[in-house]
Amino acid sequence: MAFAKLGLHSQLVKAVSAAGYAGPTPVQERAIPAALTRGDLLVSSHTGSGKTAAFMLPCLHRLAESTAGGVPRVLVLTPTRELALQVATTVETYGKFLKGLRTVSIVGGVPFFRQQQLLRRGADFVVATPGRLLDHLRRSGIDLSGVETLVLDEADRMLDMGFIDDIALIVARTPSTRQTLLFSATLDGVVGGLASRITRQAQRIEIAQVPGRASKIDQRLYFADDLAHKSRLLDALLRDESLGQALIFTATKRSADELSTRLRNRGIAADALHGDMNQSSRNRTLQALRHGRLRVLVATDIAARGLDVPGISHVINFDLPRQADDYVHRIGRTGRAGRDGVAISLAAHRDKPLIRDIERYTAQPIAVDRIPGLEPTPRPSRSDNRSARPYAGSRVGCATNRAPGSTAARRMAPAAPVRSREATEAGPLSADFRRRFLPQAGDAVPGHAGREGGSRRVTSHPHRPPRRSR
Ligand code: AMP
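Reading the values: rules and limits
- Residues numbered from 1 in each chain as written.
- Predicted model: local features only at pLDDT ≥ 70, side-chain atom pairs only at ≥ 80, totals over all residues.
- Heavy atoms only, no water.
- Helix = DSSP H or I, 4+ residues; strand = E, 2+ residues; numbered from the N terminus.
- Buried < 20%, exposed > 50% of the residue type's maximum accessible area, 1.4 Å probe, protein only.
- Contact = heavy atoms within 4.5 Å.
- Near = heavy atom within 4 Å.
- Polar contact = N/O pair within 3.5 Å; in protein donor to acceptor, adjacent residues only side chain to side chain.
- Areas by Shrake-Rupley, 256 points an atom, 1.4 Å probe, with all protein chains shown as cover.
- Nonpolar A, V, L, I, M, F, W, Y, C, P; charged D, E, K, R; others polar.
- Pairing = 2+ DSSP bridges.
- Salt bridge = Lys/Arg side-chain N within 4 Å of Asp/Glu carboxyl O.
- Axes fitted to C-alpha atoms, helices over the stretch in contact; angles between N-to-C directions.
- Parallel < 35°, antiparallel > 145°, perpendicular 65-115°, else oblique.
- Left-handed = near helix turned anticlockwise from the far one by under 90°.
- Core = buried A, V, L, I, M, F, W, Y, C linked by side-chain atoms within 4.5 Å.

S.K.: Outline the overall build of the protein chain, supporting the account with residue identities and numerical values.
M.R.: Helix and strand content of the protein chain: 18 helices and 16 strands. Sorting the 470 residues of the protein chain into buried and exposed places 55% on the buried side. Here the analysis covers contacts within the protein chain between residues at least 6 apart in sequence; of these, 75% occur between residues at least 24 apart.

Here it is in structure tokens:
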């Protein structure tokens, strides 16, 4: 199928062929003709599926057809500033043949007054995060009465971040005759509730499976005894010659800062990205990543969704995400647009229940790998006697446990055997070793500031943390 057959304006067809796209992706093939009929759409499609173009092209088609202007005619809401800026950049990519198209992004962390000026000059296309847009609605009275198409990108994430009321207030300021296009990883639950309130007779398009299933992301898991062991594993992994750029996720802002500093001290072009940084440093960092000046970006979940940097060959979960769906979004930062990607998770043995959740969610086993000299301390199992063959045949990674001589293991530069002295001297996982090195329920984990800056407490049942500040 060719883009020309979808009914798009010829200038847009020109733009997508200039972008080098041979044809529409499945979500584009279904969503574009449906959106061109001007009906509402509920689309569930996974990250990296080409969903931005799936909503962007019909929006631009509408702008290309008639030139009435002055007030915003397309409004796209996204959960994060980075995603908003990325979407605004794609307006330029796909809309480059549309004369006089004015796009404004309305996100926090940049001067309010400047945005107000841009809006006063007239904008056709506004891409915004809900919080800052609401500020504009309250303080500068941005006029949304001309909005013809409202797009909610990553709607599930916006709801997750607590934007439901903001979204409701924003939607109430747009005309009821608007077209609404809602994109989300899932259309169930709260998203379904929101969708039924803000759309009319919406057509449902479900492309989504779990991304891992369809993509070519090689997922691996390395067990670490403690933080120092994790760091040594990371150092060895970063010596992998096939690694282009890596996106490393940590649980907290402080760990992201600390880890990026440590990597820089080791001569690696690394930087951090998290919600405590002001917007201009966040933008500078992302630009440096896009332009290849950074090899490693260490980030919190702020970078888990939407980020599209083709050079990211590896995603490394230095800390596992707390939810299986976050895992899927994180690993979707690699293997973009049909490329190969590697997703590596570093885990403690106590993370096994979470790993099982992730495997159940993705319906894929994650292969356990080892680096010679950096194997985890063998752990005796209560239920059977497999301690001599750690992890072999265990539920986690049972599919393709990589032996030390495997291709993946060979690709790693050799690492010095650096097993913890305490561990070897005290024997495998003695009570003393467990007490000293493995966090116990109720412990505060040293060196990990909580999301809101405090220390993180280890609980046997991790709860969903508040998500707004990342
Ligand atoms: P998205 O899911 O919108 O984040 O898009 C993921 C990546 O796919 C982006 O890098 C797009 O440039 C790319 N892309 C979008 N549409 C197509 C297409 N029809 N053919 C090839 N690549 C595409």
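S.K.: For the site of the ligand, give the residues involved together with the corresponding values.
M.R.: Taken together, 14 residues lie around the ligand, and Y21, Q28, T52, D308 and R336 are the ones closest in. In this structure, a nitrogen atom belonging to the ligand sits 2.7 Å away from a side-chain N or O atom of Q28. Within the backbone of K51, one N or O atom sits 3.3 Å away from an oxygen atom of the ligand. Protein chains bury 82% of the 500 Å² of accessible surface belonging to the ligand in isolation. Class assignment for the residues of the shell around the ligand results in four nonpolar, seven polar and three charged.

S.K.: Tell me about helix α11 (residues 227-237), and please be specific about residues and values.
M.R.: Counting buried positions along α11 gives eight out of eleven residues, so the element sits mostly inside the fold. Within the sequence span of α11, burial applies to H229, K230, S231, L233, L234, D235, A236 and L237. Put simply, D226 is the residue that caps the front of α11, since its side-chain oxygen is 3.3 Å from the backbone nitrogen of A228.

S.K.: Please give an account of the pairing of strand β11 (residues 296-299) that cites residues and values.
M.R.: Here β11 shows a buried face lined by V296 and V298 and a second buried face lined by L297 and A299. Of the strand pairs in this sheet, strand β9 (residues 245-249) and β11 are connected by four bridges, and their pairing is parallel. The residue bridging L247 from the neighbouring strand is L297, located in β11. Taken together, the four bridges between strand β10 (residues 270-273) and β11 define a ladder with parallel strand orientation.

S.K.: Could you give me a rundown of the pattern of salt bridges, with the residues and numbers involved?
M.R.: For the coordinates displayed, the defined rule picks out 18 salt bridges. We note a salt bridge from D357 to R360, for which the minimum N-O separation is 2.9 Å. Of this pair, D357 and R360 are both found in helix α15 (residues 352-362), three residues apart, which corresponds to roughly one turn of the helix. What makes D357 partly exposed here is its relative accessible area of 38%. Take R360: its relative accessible area is 57%, and that puts it in the exposed class.

S.K.: Explain the packing of α11 against helix α12 (residues 253-265) to me, and be specific about the residues and the numbers.
M.R.: Two elements in contact, α11 and α12, have axes whose closest approach is 12 Å; the angle formed by their N-to-C orientations is 50°. The orientation of α11 with respect to α12, classified from their angle, is oblique. Read as a crossing pair, α11 and α12 show a hand that is right-handed. Here S231, L234 and D235 of α11 lie close against α12, whose contacting residues are L259, R262 and L263. Considering only residue class, the contact of α11 with α12 consists of three nonpolar, one polar and two charged.

S.K.: Report on unusual backbone geometry, specifying residues and quantitative values.
M.R.: The backbone phi angle of R38 is positive, close to 75°, even though this residue is not glycine. The topology assignment puts R38 in the loop between α2 (26-36) and β1 (41-44). Take R38: its relative accessible area is 43%, and that puts it in the partly exposed class. Backbone geometry places E154, a non-glycine residue, at a positive phi of 55°. Assignment of secondary structure puts E154 in the loop between β5 (149-152) and α7 (155-160). Under the relative-accessibility criterion, E154 is labelled buried at 4%.

S.K.: I'd love a proper account of the environment of I358, names of residues and values included.
M.R.: Mapped onto the fold, I358 is located in helix α15. For I358 and A324, which are 34 residues apart along the polypeptide, the C-alpha to C-alpha distance reads 4.6 Å. With residues near it in sequence (within four places) discarded, I358 still touches A324, Y327 and I366.

S.K.: Hey, could you go over the nonpolar core for me, with residue numbers and the actual values?
M.R.: Membership of the largest hydrophobic core comes to 38 residues, with the highest contact counts inside it found for L57, L60 and F125. Secondary structure elements with two or more residues in this core: α1 (10-18), α2, β1, α3 (51-65), β2 (74-77), α4 (81-94), β4 (125-128) and β6 (179-184). At eight residues, α3 tops the list of elements feeding residues into this core.

S.K.: How would you explain the side chain of E82 if you had to name every residue and give the values?
M.R.: Assignment of secondary structure puts E82 in helix α4. Take E82: its relative accessible area is 5%, and that puts it in the buried class. Separated by 2.8 Å, the side chains of E82 and R282 make a polar contact. Sequence-distant contacts of E82, defined by excluding residues within four places in its chain, comprise L273, Q279, R282, L286 and I302.

S.K.: Lay out the sheet that holds strand β3 (residues 103-106) in plain terms, naming residues and giving numbers.
M.R.: The strand order β3-β4-β2-β5-β6-β1-β7 describes an open sheet built from seven strands, whose pairing is parallel. Where the open sheet ends on each side, the last strands, each with one partner, are β3 and β7 (203-206). Neighbouring strand axes in the sheet, compared pairwise and without regard to direction, differ in orientation by 15° on average. With four bridges connecting them, β3 and β4 associate as parallel partners. The partner of I106 across the bridge, within β4, is A128. Relative to the sheet, α3 contacts β2, β4, β5 and β6, its axis offset from that of β6 by approximately 165°. Strand contacts of helix α9 (residues 189-198): β1, β5 and β6, with the helix running at about 175° to β6, the strand carrying the most contacts.

Any functional reading would require information beyond the geometric quantities listed.
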